[in-house]
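Read off the chains here:
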Amino acid sequence: MTVLEAVQAELDAIRVEHRSGLAASALVLAAQLDDPTTSPTAVGLCSRALRETLDRLWDVGRELTDGDDLSLLAERRKARRANLGASDLR
């Protein structure tokens, strides 16, 4: 497995669009790490940058998921209140 393939799999797991700026940066960094002509110094810098970028993407993914969960809870609450209101009219 290449670094690029691993990063693509991780982006799928995070559930972020591959077109986002952070995701695109991660893919470019992964491609640099896979390139045999990349210097050892650049490999070290790219590795660190990729790790930091993926950490940020995981944070963004969690924020999006938390928002989805809160939206779902709000919808359930609204439906529950609507049902309570209807039963009070009987």
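Structure's up top.
It should be emphasised that the depicted structure is a prediction, and the values quoted were computed from it without experimental measurement.

(A) Up close: the environment of A49. Considering the arrangement of structural elements, one finds A49 in helix α3 (residues 40-88). C-alpha of A49 to C-alpha of L29: the two residues are 20 residues apart in sequence and 7.6 Å apart in space.

(B) A look at the packing of helix α1 (residues 3-14) against helix α2 (residues 21-34). The contact between α1 and α2 brings their axes to 8 Å, and the two run at 160°. Judged on the interaxial angle alone, α2 and α1 are roughly antiparallel. In the packing of α1 onto α2, the handedness of the crossing is right-handed. Taken together, the residues of α2 that come into contact with α1 (itself represented by V3, L4, V7, Q8 and L11) are A23, A26, L27, A30, A31, L33 and D34. Tallied by class, the residues present in the contact of α1 with α2 amount to ten nonpolar, one polar and one charged.

Reading the values: rules and limits
- Residues numbered from 1 in each chain as written.
- Predicted model: local features only at pLDDT ≥ 70, side-chain atom pairs only at ≥ 80, totals over all residues.
- Heavy atoms only, no water.
- Helix = DSSP H or I, 4+ residues; strand = E, 2+ residues; numbered from the N terminus.
- Axes fitted to C-alpha atoms, helices over the stretch in contact; angles between N-to-C directions.
- Parallel < 35°, antiparallel > 145°, perpendicular 65-115°, else oblique.
- Left-handed = near helix turned anticlockwise from the far one by under 90°.
- Contact = heavy atoms within 4.5 Å.
- Nonpolar A, V, L, I, M, F, W, Y, C, P; charged D, E, K, R; others polar.

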